[in-house]
Amino acid sequence: MKHVPSLSLNRKPFPYFCLLILLLGSSLGLQAQQITYQTAKKPLEEILNDISDSYQLYFSYSPELLNSYEASMYANNQAIEDFLYDLLNPFDLQAKRSKGNYFYIQKARRKLSIHIKDNDNDEALAYAIVRSLNSRRGAYADENGIAQMEYDAREDSLLQINHIGYINRYIRIQDKMPESLTIRLEADSVGLEEVLIEYNNEAITLSEGAQFILNPGNMKVLPGLAEADVLLSVQSLPGIESNDETASGINIRGGGSDELMVYWDRIPIYKQAHFFGTLTTFIPSTVEKISAFKNYIPAQYTGATSGLLEISLPDSIPDKPHAVVNANFTHADLMLHVPLKEKFAFLLAGRLSFHDNDLFDTPTFSAHRNKLFSGSRQEDLFQGIIDEDEEEDIPVFRDQTSLSYRDLNGKLVFTPTAKDYLSLSFMQNSDRFNFNAASNESSILAERSHNVEFRGANFFYSRTWNSRWKSQVSLSQASYSLNNEDLGIFEEGTERNKITILNTLDNTEAKISVDYQASQRGTFSAGYQYNSYSNFFEFDETSTFGDPVLDTLEAAEIAQGIFLSYHYSWQDKIDFQPQIRIDRIPGLDETLVNPVISFHYKISPDIWFKSSYGQYIQLIRSLRQGDLDVSNVSESVWLLAEGSGVPGSEEELPIIESRQLSVGGLFKKKGWLIDLDFYWKETEDLSSINQFNRNNSMDIDFALGSASAIGLDFMLKKKFGRYQSWMSYSLSKVRNTFADLNDNPFPSSFDRPHQFRWVHNLYLAPFEISLGWILKSGTPYTRAEGLTFFPDDPDEPVDPNDPDDIDGFYEIKFGPINGARLPIYHRLDLSVWYKFEKRMGGFSGQIGFSLQNVYNRENVWQRFYFLDDVDDDQRPEIIEEERNFLGFTPNLSVRLNF
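Chemist: What should I look at first to understand the overall build of the protein in this one?
Modeler: Counting its regular elements, the protein contains 6 helices and 56 strands. A buried classification covers 50% of the 898 residues belonging to the protein. Across the protein, the fraction of contacts at a sequence separation of at least 24, relative to all contacts at a separation of at least 6, is 64%. Taken as a whole, the protein presents about 41,200 Å² of accessible surface, with 53% of it coming from carbon and sulfur.

Encoded structure:
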């Protein structure tokens, strides 16, 4: 870069106001300054040096920008602005005045106005979408069908123009393009699924096929988030929430979190979050698109009975290198997206956490730590709060905690021809947690470690043979491993108790599919999928107080499936997709046939009717294991359906099966959007230990049962210029039926009948402000109702109220299963994002600040019971303990784009 000379004040001393007057005068005089200059062909850099020396002008630029350009110039008393325009414009460059006689030179930014019309009747197509396929830029057409956008003059980019019910058009940005174009689109009834309706956020859109599309790179502010976290952003959709307030614990319409399948660039994911589910493992800057299905699951996927998230990385070759640096109160990450010539590109991203220990502690880490590891209120169920003076004999522990996590994502793209596309993707993430504690007398020691790792890779090849045929091949490998150790020591050097838990899951997946466009109205798709699963679980306990326990489960299974679908559209009104999937599980000797049907009808230009029905199976599930719990979050192990049974039980672990029906409508007009869905869902062969809250103190035996859910999801949005408000409401009823546990159906732990969210967004560029309030019914739980005394000798009368006559034991007597409900949950969240545009030689970026639970509401998360002789009368009292969700939690995020 040619550096701007600095002014010197060392020649003669004079008052600073004189310098100010001289600078002001030179700046004003420059407006009338004339340039006289003549040269034959000469490098641009030398011409600029000549002008700088002769007329005291100063230019800032990158030498690579001039690229050895040469020019011939003749100017006679020409205005400086006109001279620089004539000099630089032929090379698609421009000079921007900074202040006074200082200029910086940059690529010329040109404006392009595209008027989009219907090819048949010449009517304007309002709200058409213009996308640059080589960059992140795009624009929406206004009510008159006019889209305005800027581009680099020398940019080699392909623009895609689409609108509901029309064939996509493509235009390439070229040199000497006119400032305005008129593009006419032809009607195409097959194009319905390409159209996306802006939902509750400009980066969250809804197709008429009931598929949600999220674009984290263009995400607008969401309440409570400092950045566009992938899984937390998904939870802004009605009907999708997290019962335990984590990123990975997503519950769709009363389903468990393991009933949701997540694919990351075609890799099945079995570890979705860090820090015991708190923070998403997916780096936002790498994600181009998230497809979320909650009404139905396409037949080409298997392994989910509740919903599906398909996370996609960029498939295009960028026009120039791109980098993103991000840091917040928990971690920092870096992403590079670099083109290699014209046909190759690679994306590489990494994330490292700040260690959660005494050396680095942030308010965000502290809030999450309190939720995950701390206790809360304890009180005698019938007498009130325990007197703190009575707890002074409890040992005081010294403890050390260390937590770290990391991610590594990558993708290589190769496009040898216009018809061929190849990619290779990989991801790796891991968590390391260590804890040790000692009492104040060093008589009790404890050590725990928790290590979890996931690795995945995918190879994908797609070929477009002609205008009708297209084929895809996908090969994936996914591996999950968990290693937990819990060591208790009664005295230093003496082993007291040790528990080791190992869990691994490997999945090799191959998928081949073809698409055939039979006509303008219909497209056939068919495919074959092969999965090879391997699963291992081990529980190993040794103790000085009992016999050792060793329980293992090792399973392997092959699953093969074929899927067929037909997509039919007619006159931009009907969209009909019948699908079927047939799976063969040889190890279980089962063949399962599952149909999926979706039907959508456009009643009027503003109203859509939508419906779907589907049957689904799930071969892999996670089971909660109390002995695994390192934190307050109930942890799970992945197990494969097979006939050998559950560890510690004689019960078999069958395939989960589900049936779902959804009927609804959509209305969109003049900034209003109303979305309504009624649904019914029934799921069979669920495990009982997954259907109850952790630490409910009841001994729940393993049993198989079913869950039924019925409800509605409602969303209303309205835009008023720079202000937007939206609210969502879910009404549901979720019931469990476990004949071995209870004669009658009872509320599921995922049953929260009322869930309401109201969000206000205000866009005051460069600021985006979001305020959101959430209200939910409390979670069901089983309440303790009293004590039951069991004498050692049932034939000998015993007075349990006489301390000298107690010869037996007490147990807690519980009420109806999930017959009580925790207090109502509510909180207020606030986020402020500041976005700044790229400057010459600089960077663009975003600073996000968020406050979750602004008024520090103590929302009860878990309530459970234990016995303790508080008043030393040899008769125990029932102690009720609570743990809370996150309290007041601030976070700050800084993102820089280069």
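Chemist: Please clarify how helix 4 (residues 80-88) should be interpreted in this entry.
Modeler: Side chains that are three or four residues apart share a direction in an α-helix, a result of its 3.6 residues per turn. Buried residues of helix 4: Ile 80, Phe 83, Leu 84, Leu 87 and Leu 88, and no others. The arc that holds every buried residue of helix 4, seen down its axis, measures 110°, which confines them to one face.

Chemist: Quick question: what am I supposed to make of the environment of Glu 642 here?
Modeler: Structurally, Glu 642 can be placed in the loop between strand 40 (636-640) and strand 41 (656-669). Exposure remark for Glu 642: the relative accessible area of 13% places this residue in the buried category. Residues Glu 642 and Leu 653, spaced 11 residues apart in sequence, show a C-alpha to C-alpha distance of 5.7 Å. Every residue in contact with Glu 642, bar those within four places of it in the chain, is listed here: Leu 553, Ala 555, Leu 588, Glu 652 and Leu 653.

Chemist: In this structure, what is going on with the side chain of Ser 569? I would like to understand it.
Modeler: Looking at the element boundaries, Ser 569 is found in strand 35 (residues 546-570). At 3.1 Å, the side chain of Ser 569 forms a polar contact with the side chain of Asp 575.

Chemist: In this structure, what is going on with the packing of aromatic side chains? I would like to understand it.
Modeler: Each pair of aromatic rings is reported with the distance of its centres and the angle of its planes. Within this structure, the stated rule accounts for 27 aromatic pairs. Seen from their ring centres, Tyr 69 and Phe 91 are 4.8 Å apart, and the 20° between their planes marks the pair as stacked. With Tyr 69 in the loop between helix 3 (63-66) and strand 3 (70-79) and Phe 91 in the loop between helix 4 and strand 4 (93-99), this residue pair connects regions lying 22 residues apart in the sequence. Here Tyr 69 and Phe 91 have matching classes, each one buried. Taking 6.5 Å as the distance between ring centres and 65° as the angle between the ring planes, the aromatic pair formed by Tyr 270 and Phe 454 counts as edge-to-face. With Tyr 270 in the loop between strand 19 (267-268) and strand 20 (273-274) and Phe 454 in strand 31 (residues 445-464), the pair connects residues that are 184 residues apart, well separated along the chain. Judged on exposure class, the residue Tyr 270 and its partner Phe 454 are both buried. Looking at Lys 718, its charged tip hangs above the ring of Phe 720, at a distance of 5.3 Å from the centre.

Chemist: For this particular structure, what's the right way to read the side chain of Gln 724?
Modeler: Mapping Gln 724 onto the fold places it in strand 44 (residues 723-737). A relative accessible area of 1% means that Gln 724 is categorised as buried.

Chemist: Can you walk me through the sheet that holds strand 4 in this structure?
Modeler: Spatially, 2-5-4 is the arrangement adopted by the 3 strands of the open sheet, whose pairing is mixed. Two strands bound the open sheet, and with one partner strand each, they are strand 2 (58-60) and strand 4. Each strand axis lies, on average, 35° off the axis of its neighbour in the sheet, ignoring direction. Strand direction decides the pairing type here: strand 2 and strand 5 (residues 102-107), joined by 3 bridges, are parallel. Paired with Phe 59 across the strands is Phe 103, a residue of strand 5. Sheet contacts for helix 2 (residues 44-55): strand 2, strand 4 and strand 5; angle to strand 2, the most-contacted strand, approximately 145°. Contacts from helix 4 reach strand 2, strand 4 and strand 5, with the element oriented near 150° to strand 4.

Chemist: When you look at the pattern of salt bridges in this model, what are you seeing that I'm missing?
Modeler: Pairing between side chains of opposite charge can happen when their charged atoms approach one another. Following the criterion strictly, the structure yields 31 salt bridges and no others. The shortest N-O distance in the salt bridge between Asp 606 and Lys 669 comes to 3.8 Å. Taken as a pair, Asp 606 in the loop between strand 37 (590-604) and strand 38 (607-618) and Lys 669 in strand 41 lie far apart in primary sequence, 63 residues in all. Residue Lys 669 is classed as partly exposed on the basis of its relative accessible area, which comes to 38%. The salt bridge involving Glu 768 is made with Lys 835; its shortest N-O contact spans 3.3 Å. Highlighted residues: Glu 768 in strand 47 (residues 767-776) and Lys 835 in strand 52 (residues 825-836), separated in sequence by 67 residues. Three or more residues joined by partner-sharing salt bridges are found here, namely Arg 253, Lys 294, Lys 610, Asp 675, Asp 677 and Asp 713.

Chemist: I would appreciate a short explanation of the pairing of strand 15 (residues 211-214) in the present structure.
Modeler: Looking along a regular strand, one sees side chains alternate from face to face of the sheet. Side chains of strand 15 alternate between two faces, with Gln 211 and Ile 213 and Phe 212 and Leu 214 buried alike. Note: strand 14 (residues 204-207) against strand 15, 3 bridges, orientation antiparallel. Pairing of Leu 206 across the sheet is with Phe 212, part of strand 15. In the sheet, strand 15 pairs with strand 22 (residues 289-293) via 4 bridges, with the strands oriented antiparallel. Across the sheet, residue Gln 211 finds its bridge partner in strand 22, namely Phe 293.

Chemist: Would you explain the environment of Ile 689 in this entry?
Modeler: As for its placement among the helices and strands, Ile 689 is situated in the loop between strand 42 (672-687) and strand 43 (704-720). It is 6.2 Å that separates the C-alpha atoms of Ile 689 and Phe 702, two residues lying 13 residues apart in sequence.

Chemist: Please clarify how the packing of helix 2 against helix 4 should be interpreted in this entry.
Modeler: Each pair of packed helices gets described by two things: the angle between the helix axes and the distance between those axes. Between helix 2 and helix 4, whose axes approach to 12 Å, the crossing angle comes to 170°. One finds that helix 2 runs roughly antiparallel with respect to helix 4. In the packing of helix 2 onto helix 4, the handedness of the crossing is right-handed. The residues of helix 4 that touch helix 2, namely those facing Leu 44, Ile 47, Leu 48 and Ile 51, are Phe 83, Leu 84, Leu 87 and Leu 88. Of the residues assigned to the contact of helix 2 with helix 4, the class counts are 8 nonpolar, no polar and no charged.

Chemist: Whenever I open this one, the nonpolar core confuses me. Can you help?
Modeler: Nonpolar side chains in soluble globular proteins tend to end up buried together. Among the nonpolar cores identified, the biggest contains 86 residues, and Leu 214, Tyr 270 and Phe 282 are the most heavily contacted of them. Per element, the largest residue contribution to this core is 5 residues, and it comes from strand 18 (residues 260-264). Ignoring anything within four residues of it in the chain, the contact list for Phe 282 reads Val 230, Leu 231, Val 262, Trp 264, Ile 269, Gln 272, Ile 311, Arg 351 and Met 427. With 25 residues, the next largest nonpolar core counts Leu 48, Tyr 55, Leu 84 and Phe 91 among its residues.

Chemist: What's the story with the pairing of strand 25 (residues 331-340) in this structure? I'm lost.
Modeler: In the sheet, strand 24 (residues 322-328) pairs with strand 25 via 6 bridges, with the strands oriented antiparallel. By the bridge assignment for strand 25, Val 325 is matched with Leu 334. Counting the residues that bridge the hairpin from strand 24 to strand 25 gives 2 residues. As paired strands, strand 25 and strand 26 (residues 344-353) are joined by 10 bridges and run antiparallel to one another. Its bridge partner being in strand 26, His 331 is matched across the sheet by Ser 353. Hairpin geometry of strand 25 and strand 26 is characterised by an intervening segment of 3 residues between the two adjacent antiparallel strands and by a positive phi of about 60° at Lys 341.

The rules we used
- Residues numbered from 1 in each chain as written.
- Predicted model: local features only at pLDDT ≥ 70, side-chain atom pairs only at ≥ 80, totals over all residues.
- Heavy atoms only, no water.
- Helix = DSSP H or I, 4+ residues; strand = E, 2+ residues; numbered from the N terminus.
- Buried < 20%, exposed > 50% of the residue type's maximum accessible area, 1.4 Å probe, protein only.
- Contact = heavy atoms within 4.5 Å.
- Areas by Shrake-Rupley, 256 points an atom, 1.4 Å probe, with all protein chains shown as cover.
- Arc of directions from axis to C-beta.
- Polar contact = N/O pair within 3.5 Å; in protein donor to acceptor, adjacent residues only side chain to side chain.
- Phe/Tyr/Trp six-rings, centres within 6.5 Å; stacked < 30°, edge-to-face > 60°.
- Lys NZ or Arg CZ within 6 Å of the ring centre and 35° of its normal.
- Pairing = 2+ DSSP bridges.
- Axes fitted to C-alpha atoms, helices over the stretch in contact; angles between N-to-C directions.
- Salt bridge = Lys/Arg side-chain N within 4 Å of Asp/Glu carboxyl O.
- Parallel < 35°, antiparallel > 145°, perpendicular 65-115°, else oblique.
- Left-handed = near helix turned anticlockwise from the far one by under 90°.
- Nonpolar A, V, L, I, M, F, W, Y, C, P; charged D, E, K, R; others polar.
- Core = buried A, V, L, I, M, F, W, Y, C linked by side-chain atoms within 4.5 Å.

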